Amino acid sequence: MPPMPGKTLYDKIWDAHVVAEQDGEAILYIDLHLIHEVTTPQAFAGLRANRRAVRRPDRTLAVADHNIPTEGQGLGVDAVADDEARLQLQTLGRNVEDYGIEYFQMGDIRNGIVHVVGPEQGRTQPGMTIVCGDSHTSTHGAFGALAHGIGTSEVEHVLATQTLRQKKAKNFRIRIEGEPAPGVGAKDYALAIIGEIGTAGGTGYVIEYAGSAVRALSMEGRMTLCNLTIEGGARAGLVAPDETTFEYLKGRPSTPKGGAWEMALGYWKSFFSDDDAVFDREIVLDAAKIAPTVTWGTSPEDVVAVTGAVPAPESFATPDKRASAERALGYMGLTAGQPITEAKIDVVFIGSCTNSRIEDLRAAAKVAAKALEGGRKVADGVRAMVVPGSGLVRAQAEEEGLDAVFRTAGFEWREPGCSMCLAMNPDKLEPGQRCASTSNRNFEGRQGRGGRTHLMSPAMAAAAAIAGHIADVRDFL
Amino acid sequence: MEAFTRLDAAAAPLPLANIDTDQIIPKQFLKIVDRKGLAKGLFYDLRFDDDGRERPDFVLNQPTYKGAGVLIAGDNFGCGSSREHAPWALMDFGIKAVVSTSFADIFYNNCFQNGLLPVVLKADEVRQLMDEARGGNHVVSIDLEAQTVTSPSGAVFGFQIDPQRKAKMLKGLDAIGETLEAAKDIDTYEMKRALAQPWLEGA
Ligand code: SF4
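What you are looking at is a predicted structure, and each value in this text was computed from that prediction instead of being measured. (Residues numbered from 1 in each chain as written. Chains lettered and ligands numbered in written order. Predicted model: local features only at pLDDT ≥ 70, side-chain atom pairs only at ≥ 80, totals over all residues. Heavy atoms only, no water.)

Student: Would you mind going over the interface of chain B and chain A with me for this structure?
Tutor: As a measure of interface size, the accessible area lost when the parts come together is often cited. Listed by partner, the interface residues are 32 residues for chain B and 43 residues for chain A. Of the roughly 3,200 Å² buried where chain B meets chain A, counting both sides, 53% is carbon and sulfur surface. Of all residues in chain B, Val33, Tyr189 and Trp199 of chain B give up the largest surface area on contact with chain A, accounting jointly for 24% of the area buried on that side. Where chain B touches chain A, the interface holds eight salt bridges. A salt bridge links Glu190 of chain B to Arg56 of chain A; the nearest nitrogen and oxygen atoms lie 3.3 Å apart. Inspection of the chain B/chain A interface yields 16 residue pairs in polar contact (both at pLDDT 80 or more). Of all elements in the fold, only helix H7 (175-180) and helix H8 (183-196) of chain B reach the threshold of two or more residues within the side of chain B that touches chain A. For the side of chain B that touches chain A, the element with the highest residue contribution is H8 of chain B, accounting for eight residues. (Contact = heavy atoms within 4.5 Å. Buried area = accessible area lost by both parts, 1.4 Å probe. Salt bridge = Lys/Arg side-chain N within 4 Å of Asp/Glu carboxyl O. Polar contact = N/O pair within 3.5 Å; in protein donor to acceptor, adjacent residues only side chain to side chain. Helix = DSSP H or I, 4+ residues; strand = E, 2+ residues; numbered from the N terminus.)

Written out as structure tokens, the structure is:
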């Protein structure tokens, strides 16, 4: 008998969760279901109409994040000005009560962006399957958990059965090797990867990130990397758990304690790709060659090194690409050949599930502090806002004095939520405004109708706030 | 989805042809967060006047038919937009079956996704049901297993239905229902998991 080929990390998690096979689909057990106000109302309505129960309320956690305001949260849901947002929040409140689901309400210090809260609470653990009605659920893959977004009908399916019907994806490994230059980190890696493979490059795959530069990343950095996996078309990204992972998890509210911790650790350590595992696709990047990266267009694949220039539409290979580049330049109000650092900024948004964790805020605050030392502040005419990912991140930043640095330097210090990442709450760009944003989507209108988004790292966004235009963070260190 | 086996319910006659889904549920009700609330928008413009007052002549506003479970409708019921809110609204109102000579395709499909039974009868049969439903006794019986509709006076009409759809409807199977056929496997999986990963039990 020929020896069995090794398994990938994805294969192992998959195999550990197949409950049954039906009509060519696997019924996959779901260990953790995260829910929020926007994509769940009809799912609960469906349960009610069919008189179904939530199978595992204890494996479900609710937060309020997508449409909440980033000030006055202590006043409660009734104070939310937008009628539809308020109704969605009230609906979630009623649903979790009816079905006995734990809920971190708006204003609860544990509340925040769903993909910040899960890891922070230690709900997210290695080897798990995790779903949420939000595409950036891929974030949780940083812990070696198979995590991806689902639609509302699937939310209902998971609530009722604690399983999901799935077909298996292919394996893709991206290795990042070597040492990055100063000022370069996970966000730059992620943007460089999307630039390399394109926004559909990962379609049909689950991506595992490996290599020495990935190993060297903190959990926050790994979350940023996995978060942006969906922008490359793959539903899920993974990093095998290691000491960095276990160190992060230890002592979190929902991680096992005592003997159970040892038992869990043994289990978690079995989740890695075997040496002889076969990947359907593999690429290798040299970390040293990646510069601080920003987007110039309206797709996350429209990336350019901060030292580079806005590309000419003629430089693209296909007529389709040329046409979309043309359109993107028009929308963004940029000219081909212009150095990207010439782009003047109106708004800076530091936040979102991509970059609103403590390490992100520290990186941005460091740039702000350095600027203050040199007698500089947020440039005139620039509105810069910092929106922490959760109440706990906010509290920790305040303990470290980061809020004072931000405030003194002229940044607004807001309350947690998705905020200007998708502009479902009052934080929106005006038409034509240009934003240096640490979020994940630069689509037309994403941050407000007519708004122009440049994606970049928190340190780069802080540098742009001080300079008043896109700037190379290395000049600020 | 609830299983549909047999229904004995008051039937409301709605002798209009080409009732489209916009009439069944107008677009201002599509923003709702809960399918449950859709009953109030059902046939909104037929049921209410411009000032939001009930039109007393509309069949579902008449006391006799307020609790109707069956709708007897004219030809080509459910044409227009594909909105699934249409079957949701009907069901939310308490309608569990619609009888007509014909249904629009998409609406017909949507009914099966939601456990609403669309019954196709011949024109004279629909007319007879319509007439009887206007009388003092307007309770009809629908037996899905036997594929029959029995009129208030006891006349029995047979109807056709796709066998697979019938089977799923009888069991109340939707995607979730199908997965729940494997409920035993899920139970077993959970039992094993509880032993192997006890730290995940009792959050
Ligand atoms: S921060 Fe943005 S991407 Fe992340 S969960 Fe919220 S809306 Fe989605």
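That was the structure; now back to the text.
Student: When you look at the pattern of salt bridges in this model, what are you seeing that I'm missing?
Tutor: Pairs may arise between side chains of opposite charge once their charged atoms sit close together. Per the stated rule, a full pass over the model turns up 45 salt bridges over all chains. Residue Arg173 of chain A is joined to Glu282 of chain A by a salt bridge in which the shortest nitrogen-to-oxygen separation is 2.8 Å. Of this pair, Arg173 of chain A sits in strand S9 (residues 170-177) while Glu282 of chain A sits in strand S12 (residues 281-286); the two residues are 109 residues apart in sequence, bridging distant segments of the chain. By relative accessible area, Arg173 of chain A is classed as buried at 19%. Each of Asp31, Arg55, Arg56 and Asp58 of chain A together with Asp187, Glu190, Arg193 and Glu201 of chain B takes part in a single network of salt bridges with overlapping partners. (Buried < 20%, exposed > 50% of the residue type's maximum accessible area, 1.4 Å probe, protein only.)

Student: Just checking my understanding: could you explain unusual backbone geometry for this structure?
Tutor: Residues other than glycine predominantly adopt negative phi, and peptide bonds predominantly adopt the trans conformation. With a phi close to 55 degrees, Ser419 of chain A is a non-glycine residue in the positive phi region. The phi dihedral of Asn18 of chain B is positive, around 55 degrees, even though this residue is not glycine.

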